[in-house]
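A look at the structure
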Amino acid sequence: QETLTAVHAFPGTLIYTQSFLQFVDKVNKAGEGVVQIEVRGGPEAIGMFQQPDAVRDGIVDMVYTPGSFYGGALPEKDALVASNLTAVEARENGGIALIDEIHQAKMGVKYLGWFDSGVSYNLWMKDEPKLDANGNLDVSGIKLRGNAVYNAFFTEYLGAQVIDLPTTEVYAGLERGVVDATGWTQIGLIDLKWNEFLNYRVEPSFFSTDLGVIVNLEKWNSLSDEAKTILQDVAIEHEKASVEALRVKRDEDFAALEAGGMKVVELQGEARANYLAAAREKTWGRMKGLMAESPMGDGQYDTLIGLFYNAELDK
Amino acid sequence: MEWYEALGLLLGSILALMAIGMPVALAFLAANIVGAWVFMGGERGIGALLNNGLGSLTSFALVPIPLFLLMGEIFFHTGLGGRMFNAIDKLLGKLPGRLSYVTVLGGTGFSTLSGSSMGSTALLGSLMVPEMNRRGYKKHMSIGPILGTGGLAIIIPPSALAVLLATLARIDVGKLLIAGIIPGLILAAFYLATIFIQTKIDPDAAPAYEVEPMTLGQKLSLFLRDVVPMVGVMVVIVAMMVGGVVTPSEAAAFGALGVLILAVIFRCLTWEAVKKSIVGALRVTLMAYLIVFGSATFSQLLAFSGASSGLIKWATGFDLEPIAMLLVMFGVLLLLGMFMEQISMMLLTVPIFFPLAASLGFDPIWFGLIMLLALEISFTTPPFGLLLFVMKGVAPPDTTMRDIYMSAIPFILCSLCLVALLILFPPLALWLPG
Amino acid sequence: MQQLSRFYSLILYGMAVLAGAMLVWVMIAVIMSVGMRNIGMQPWAWLFTSTEYAMLYITMLGAPWLVREKGHVHIELVTAALPPALRRLVSRGVALACVLVSLILAWKGFELFQTNIARNDYDVRAYYFPRWILTVSFPICFGLMAIEFSRFVFGTELMHSGEAGIHE
Ligand code: NA
Ligand code: NA
């Protein structure tokens, strides 16, 4: 029996961590006598942003983390961020196989699976969003909280006045009016209690979560074929199961928020299309720029986008 | 390796190294090297240790502390602090231990609103301890109240740590914050009573010098000239926080700026004072942050090796009465708190303790508050409470380990009394949030 | 030799002065960032990020100087109870252990710095910041700390005073 040690980027109580722990349970059940995963903890065991390096260096065998936490080493993660597909389609069309290949080449890690996909981001606001004459979102005068994932979009397209605040300070920031709007995934606002201050959700949602399981390549290669098969099969199964589970959770969250008075403001027509296009293209732009700087170059840029983005779906 | 072996190795090495007189920060680093070697796969574990230290240090949460230190040092070295305390001294007349009371009242107000224990300990320590020492107060009369009020920052809102705890435990943030108000005020009252008792037992603890009688007019002008402007700086930065102009983490910079402006107005800003203030703030920052660099990784090693989760599971695995179980959890928090950093402790214990508390029928808000109290206490528990080291950095050079420990103990007992009160009368916490 | 030692001292104190200057910078950066936000401008994100990085640089630049100043707290328990001759031996031994710890970290820090360059690693925050610019501080800091601690191993001065308590 072989054992892999694992850590997860987020605290144990967060929904995404729960999803990873379910995956671990499934592996440990299917892999009895063959392969087991031993979870060592979350950010209290290895710092959130140090986990990608830790798995690269073999300190720990497996990490569940957003690709954005190692975007410096692997700018291609932005293909997932700007994706409008879920892992199910990206697995089928070979997108995840390509991302895995890039992970192996650039970081020496195996990309085992893209979990909790299909969840996207909304802009959440305290006051009713203003729309200009053409129906575009007008964020002038709004204090928008940003971070590394969405700053390219917020500042370059929306021209927003972005304030970088750590997640732990956002509650106090909203309470005192230091910020009055923030991006966040469709799920999880209630857990953070930010809905006490936020009253509007702006649609359409944009981006996608980019949470994945990466495994130290040396460790992966040392596993028996049977162990590899179990891990990979369970991961593919969980890619699918997690999409479905989180869809249900999203609908529940939205319903609960709306029952609590959250109002939805939806951009229409061209304004909507421009908003979505900007979110995507500003992110792609960043990815292409960083890919070009790296020794592997940006040769796979178009292929990646073709595999993770389907223009038909946005029509 | 079993969890208790891992725990023994990590705690044993740190305790042994500190006992033979290795600087605290270096002892943490040495224990980390041993731990990284054993639990993180040899040599490469040490690289991870450095990466983790880097991650822990480059955090905005640490930014206010040097700035609060700077603010306190400027207050002291420009003589502004001295002016203010002279005035307060005269205004309060003959009350024994008056500056200690001022420390508790001012400290409660300030640490409460700043929400940062380390920041307010840094500020109050650098401001009050040298002044009170100069006036003949025994050390415990200044150090104790400051260590005590530093901890209040966590309980009385606003408190970043309480928000984080509520979020992790999925309990109502607002309720947990409000639940802290009455217990926080009771704790402050306990502190005042402690000082009263201390001055009764040992009248020499605070100087009993005579104060010249003054007319009301003299008092008023003294108050307006030497107290109002200094307190005004504090009031302005608190107003900026409440008004949303700055976050609590940003407020410290404006505090330092405010004191600089005051010093210019009072014509006491000299290069010498500025230089001394920066050096003073720098010394304490360096000392404390190299410890943070080491201890953050140390608490990660406790978690990663399975030592702390093993301890938690073992301790909570007994089938005990609810009240005994509560004491066990409280004890585990105090023990871990001696070696671990607070946020790591919450991440580690919340997923285990809150479901357990629910199964025992505890109110989650009440339990959350008790947990916050444990975190608060562990910040000042000998031998490794981080606030003790911050205090050591700002206290006069002849202050010993023993002085600081002995000063902290009465105030830790106050917190323990409060916990006992909360267990006996849960409405103290739960009445206000309804 | 004397010139070399004077040059070395210049670096040691120069680094401490730089740390002090960065502390002042942190204050200015926070004030500027809040000021810009409140007059309706977008604060440069690097203002914020620079304060976070400053926490590392301040610590690493100043730590060796603080060793010379005997400013890192230690507890005198065993050393206070020993007879003078033995105390001197233990004190020098502890200093030697500190040299060792510092050397290991300097060496591993240097390796980390090289890895960061080879891998072209970035620290990802508001900006993508080359990681080696941060990790280069490790070999410098711990290297100098090793030198400073070795003064307490071989020099005339001891790290421990022999008086019980915690010492600066
Ligand atoms: Na507070
Ligand atoms: Na502690």
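How each quantity is defined
- Residues numbered from 1 in each chain as written.
- Chains lettered and ligands numbered in written order.
- Predicted model: local features only at pLDDT ≥ 70, side-chain atom pairs only at ≥ 80, totals over all residues.
- Heavy atoms only, no water.
- Contact = heavy atoms within 4.5 Å.
- Buried area = accessible area lost by both parts, 1.4 Å probe.
- Salt bridge = Lys/Arg side-chain N within 4 Å of Asp/Glu carboxyl O.
- Polar contact = N/O pair within 3.5 Å; in protein donor to acceptor, adjacent residues only side chain to side chain.
- Helix = DSSP H or I, 4+ residues; strand = E, 2+ residues; numbered from the N terminus.
- Core = buried A, V, L, I, M, F, W, Y, C linked by side-chain atoms within 4.5 Å.
- Buried < 20%, exposed > 50% of the residue type's maximum accessible area, 1.4 Å probe, protein only.
- Axes fitted to C-alpha atoms, helices over the stretch in contact; angles between N-to-C directions.
- Parallel < 35°, antiparallel > 145°, perpendicular 65-115°, else oblique.
- Left-handed = near helix turned anticlockwise from the far one by under 90°.
- Nonpolar A, V, L, I, M, F, W, Y, C, P; charged D, E, K, R; others polar.
- Disulfide = S-S within 2.5 Å.

A word on the interface of chain B and chain C. Taken together, the contact between chain B and chain C spans 55 residues of the former and 61 residues of the latter. Together chain B and chain C conceal approximately 5,100 Å² of surface at their shared face, both sides included; 79% is due to carbon and sulfur atoms. Where C:Glu69 meets B:Arg283, a salt bridge forms, and the shortest distance between an N and an O atom there is 2.9 Å. Across the chain B-chain C interface, the total number found is seven residue pairs in polar contact (both at pLDDT 80 or more). Put simply, the parts of the chain that give the side of chain B that touches chain C at least two residues each are helix 1 (3-19), helix 2 (24-39), helix 3 (43-57), helix 4 (64-77), helix 13 (248-265), helix 14 (271-304), helix 19 (386-394) and helix 20 (401-424) of chain B. Here the element with the most residues in the side of chain B that touches chain C is helix 14 of chain B; it accounts for 12 residues.

Take the nonpolar core next. It is characteristic of soluble globular proteins that their nonpolar side chains tend to be buried jointly. Of all hydrophobic cores here, the largest spans 298 residues; its most connected members are A:Phe206, B:Met71, B:Phe367 and C:Phe142. Ranked by the residues each element gives to this core, the list is headed by helix 14 of chain B, at 17 residues. For B:Met71, the residues in contact, after removing those within four places along its chain, are B:Leu123, B:Val233, B:Met234, B:Ile237, B:Gly255, B:Ala256 and B:Val259. Counting 32 residues, the second largest nonpolar core, distinct from the first, contains A:Val35, A:Met62, A:Leu112 and A:Leu223.

The description of two packed helices rests on the angle between their axes and on the distance between the axes. Their axes nearest at 10 Å, the elements helix 2 of chain B and helix 4 (residues 84-119) of chain C cross at an angle of 60 degrees. Taken together, the axis directions place helix 2 of chain B and helix 4 of chain C in an arrangement best described as oblique. Between helix 2 of chain B and helix 4 of chain C lies a crossing whose hand is left-handed. For the pair helix 2 of chain B and helix 4 of chain C, contact is made by B:Leu26, B:Leu29, B:Ala30 and B:Ile33 and by C:Cys98, C:Val101, C:Ser102, C:Ile104 and C:Leu105, respectively. Split into classes, the residues belonging to the contact of helix 2 of chain B with helix 4 of chain C amount to eight nonpolar, one polar and no charged.

As a further point, take the environment of B:Val419. Residue and element names in this part refer to chain B. With respect to the helices, strands and loops of the structure, Val419 is situated in helix 20. Residue class for Val419 comes out buried when judged on its relative accessible area of 5%. Counting along the chain gives 164 residues from Val419 to Gly255, while the straight-line C-alpha distance between them is 33 Å. Beyond its immediate chain neighbours, meaning those up to four positions away, Val419 contacts Phe330, Ile370 and Leu373.

Let us now look at the state of the cysteines. All names here are of chain C. Enumeration over the complete set of coordinates arrives at zero disulfides over all chains. Free cysteine Cys98: the closest other cysteine sulfur is in Cys141, separated by 13 Å. We classify Cys98 as buried; its relative accessible area is 0%.

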